[in-house]
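# Tertiary structure, described
Residues per chain are reported as follows:
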Amino acid sequence: MTTKKISIIASIAIMAVVFYQWGHLDGKKGRTSGPINEASAKASEPHLDVYYPGTEELAADEMRVIACGTGMPSPRPKQAAACWIVELGNGDKFLFDLGAGSHERIAAQKIPYDYLDKVFLGHLHVDHFGDFGSFWLGGTTMNRLTPLRVWGPSGPTPELGTAYAFEKMEEMYAWDIATRSSIIDARGMVLDVTEFDYKGVNKVIFEENGVVIRTIPAIHSIDGAVSFILEWNGLKFTYSSDTAPNSWWIKYTKDSDISIHESFLPPSLMMSRMKFNVKEALNVSTVAHTSPQQFGKLMSLTKPRLAVGYHFQNDFDTLPIMIAETRKVYDGPLVFAQDYMVFNITKDAIDVRMSAYDEDIYPELPIRDKLDVPPPTSPPFSEFILSGWEKFPELVGGIWDKINKENGTDYKVP
Ligand SMILES: [Zn+2]
Ligand SMILES: [Zn+2]
């Protein structure tokens, strides 16, 4: 390789680090929002400016919300199941729900996993925590060195609560945990689970660094579902997870800056597009969940600065119907979310755009140094498995020698 090529590659690497730090260090200066984009919100669609992950530092008073899953329980290329990232100008980042398929969208945001250490679950349906195992253990292999903190509701019985679910999940992944922890720095595998009372009404479940998160009960399937209210720096984010319309939502989410509420397809579309029968469609759309007219009614009663509907197949032929149904009862700012939609929120402006994503994403740098891996505690290979191992010492020895020499190390081939 020529010197010129090497210096170009080095420049690209330095630029990448600078951009990375610009996007992720928690400083005070940052992106200045363009003109207020309430208009784009009112138009029920994003405007054409694009958000490039990792390139915009939040202003000190700014909140960024990213839709990483807006669809249904079976993810599809266009829409994963429920998941939202909330990033704050103080450097804090939160995940609300982690539905099936959402991990890929989270990774596309180029946020080091160490920052994504707080997950809040509205309930324990797979479309709200189906990607948890992948995010937790896959994230550890992708440089998370920080324990993962999880908050989720209790259930009507202990076996239906969050603590029980995660106790069993840790047992279920015993093989995965045992194998990886002898190869890589495994501090990120530690789970810190907090189960809170699902009956809490506007009760604080998290209070750190100027951020307060409260829950209100949700009405969904059986007892044990909740909705969230996050308040920071005079901004209020509310997220329904899944719920039928309820009085707690109406009472406690008033005047939200961004109010994200489920809005299922109306019964007619559940029948024509999803092959539900009449009874199923009526019950699922308007009783187990919230139909667009009910969603609109909730928004007209709570008057957020921006109403965001999600949890349906958002397509060219469903969106106009969703808007028309909602507009029968609500005339305020409205967006129906798609995956990769990004909301920048300050007291002055709400900016709605789509995020670009890099399909060739690699893990971001960890934010602390890696430790040497302690000796394995898992059982060693059996004699039987060892008997079949072709180690190619003449090849592997050379690879180890070369890497050792380049890095000033002296590791021996095991
Ligand atoms: Zn659900
Ligand atoms: Zn759901």
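Residues numbered from 1 in each chain as written. Chains lettered and ligands numbered in written order. Predicted model: local features only at pLDDT ≥ 70, side-chain atom pairs only at ≥ 80, totals over all residues.

## Some remarks on the overall build of the chain
Regarding its fold elements, the chain presents 14 helices and 16 strands. For the chain, the residues scored as buried account for 42% of the 414 residues in total. Here the contacts in the chain between residues at least 6 apart in sequence split such that 69% fall between residues at least 24 apart. (Helix = DSSP H or I, 4+ residues; strand = E, 2+ residues; numbered from the N terminus. Buried ≥ 20, exposed ≤ 12 C-beta atoms within 10 Å, placed from the backbone. Contact = placed C-beta atoms within 7 Å.)

## As for the packing of helix 11 (residues 292-302) against helix 12 (residues 319-327)
Axis angle and axis distance: for two packed helices, these are the angle between their axes and the distance between the axes, and together they describe the pair. Running from N to C, helix 11 and helix 12 point in directions that differ by 50°, and their axes come no closer than 7 Å. Overall, the two elements helix 11 and helix 12 adopt an arrangement that is oblique. The handedness of the crossing between helix 11 and helix 12 is right-handed. Within the contact between the two elements, helix 11 uses Pro292, Gln293, Phe295 and Gly296 and helix 12 uses Met322, Glu325, Thr326 and Arg327. Within the contact of helix 11 with helix 12, the residues separate by chemical class into three nonpolar, three polar and two charged. (Axes fitted to C-alpha atoms, helices over the stretch in contact; angles between N-to-C directions. Parallel < 35°, antiparallel > 145°, perpendicular 65-115°, else oblique. Left-handed = near helix turned anticlockwise from the far one by under 90°. Nonpolar A, V, L, I, M, F, W, Y, C, P; charged D, E, K, R; others polar.)

## Here we look at the pairing of strand 16 (residues 350-355)
Sheet analysis places strand 1 (residues 50-51) next to strand 16, joined by two bridges and oriented parallel. Across the sheet, Val50 pairs through a bridge with Met354, a residue of strand 16. Sheet topology places strand 15 (residues 341-345) next to strand 16; five bridges connect them, and they run antiparallel. Residue pairing for strand 16: Met341 is matched across the bridge by Met354. (Pairing = 2+ DSSP bridges.)

## Digging into helix 5 (residues 132-141)
Looking at helix 5, one finds that the buried residues are Phe132, Phe135, Trp136, Leu137, Gly139 and Thr140. For helix 5, the angular spread of buried residues about the axis comes to 165°, placing them on one side. Those residues of helix 5 that are buried lie in contact with strand 4 (93-98), helix 3 (102-107), helix 4 (126-129), strand 6 (148-153), helix 7 (174-180) and strand 7 (191-196). Just downstream of helix 5, Asn143 is the residue with a positive phi angle, here 90°. (Arc of directions from axis to C-beta.)

## Concerning the pairing of strand 10 (residues 226-232)
Across the seven residues that make up strand 10, a large majority, six, are buried. When strand 10 meets strand 11 (residues 235-239), the two strands line up antiparallel, connected through five bridges. Among the inter-strand pairings, Trp232 is bridged to a residue of strand 11, identified as Leu235. Between strand 10 and strand 11, which pair antiparallel in sequence order, lie two residues; one of them, Asn233, sits at a positive phi of approximately 55°.

## As for helix 12
For helix 12, every residue scored as buried is listed here: Met322, Glu325 and Thr326. What you see down the axis of helix 12 is that its buried residues fit within an arc of 95°, all on one side. Summarising the geometry of helix 12, the exposed residues directed more than 90 degrees from the buried face are Pro320 and Ala324. For helix 12, the elements touching its buried residues are helix 11, strand 13 (306-310) and strand 14 (334-336).

## A word on the environment of Val150
Structurally, the position occupied by Val150 is in strand 6. Given 25 C-beta atoms within a 10 Å radius, Val150 is considered buried. Each C-alpha atom, one on Val150 and one on Leu191, is 7.4 Å from the other, the two residues being 41 residues apart in sequence. Filtering out sequence-adjacent residues up to four positions away, Val150 remains in contact with Val119, Leu121, Phe166, Leu191, Val193 and Thr194.

## So, the sheet that holds strand 4
In space, the nine strands of this open sheet follow the order 1-16-15-2-3-4-5-6-7, with mixed pairing throughout. On the outer flanks of this sheet lie strand 1 and strand 7, each paired with one strand and no other.

## Brief notes about unusual backbone geometry
The phi angle at Ser241 is positive, at roughly 55°, despite the residue not being glycine. Judged by C-beta crowding, with 27 C-beta atoms within 10 Å, Ser241 ranks as buried. Here Asp255, not a glycine, exhibits a phi torsion of approximately 60°, which is positive.

## Describing the confidence of the model for the chain
Within the chain, residue pLDDT values average 89, and 88% of them lie at 70 or more. When the criterion is pLDDT under 50, residues 6-47 qualifies, and its contacts beyond four places in sequence or with other chains add up to 55 contacts. (pLDDT = per-residue confidence, 0-100.)

## A short note on the packing of helix 9 (residues 267-274) against helix 10 (residues 278-288)
At a closest axis distance of 8 Å, the pairing of helix 9 and helix 10 adopts a crossing angle of 125°. Our classification of the angle between helix 9 and helix 10 gives oblique. Of the two possible hands of crossing, helix 9 and helix 10 adopt the one that is right-handed. Every residue of helix 10 that contacts helix 9 at Pro267, Met270 and Met271 is listed here: Val278, Ala281, Leu282, Val284, Ser285 and Thr286. For the contact of helix 9 with helix 10, a count of residues per class yields seven nonpolar, two polar and no charged.

## Details of the environment of Ala82
The topology assignment puts Ala82 in the loop between strand 2 (63-69) and strand 3 (83-88). With 35 C-beta atoms counted inside 10 Å, the residue Ala82 sits in the buried group. Taking the C-alpha atoms as reference, Ala82 lies 4.4 Å from Gly69; in sequence the two are 13 residues apart. In this structure, Ala82 is in contact with Gly69, Asp97, Gly99, Asp127, His128, Ser241 and His311, ignoring residues within four places of it in sequence.

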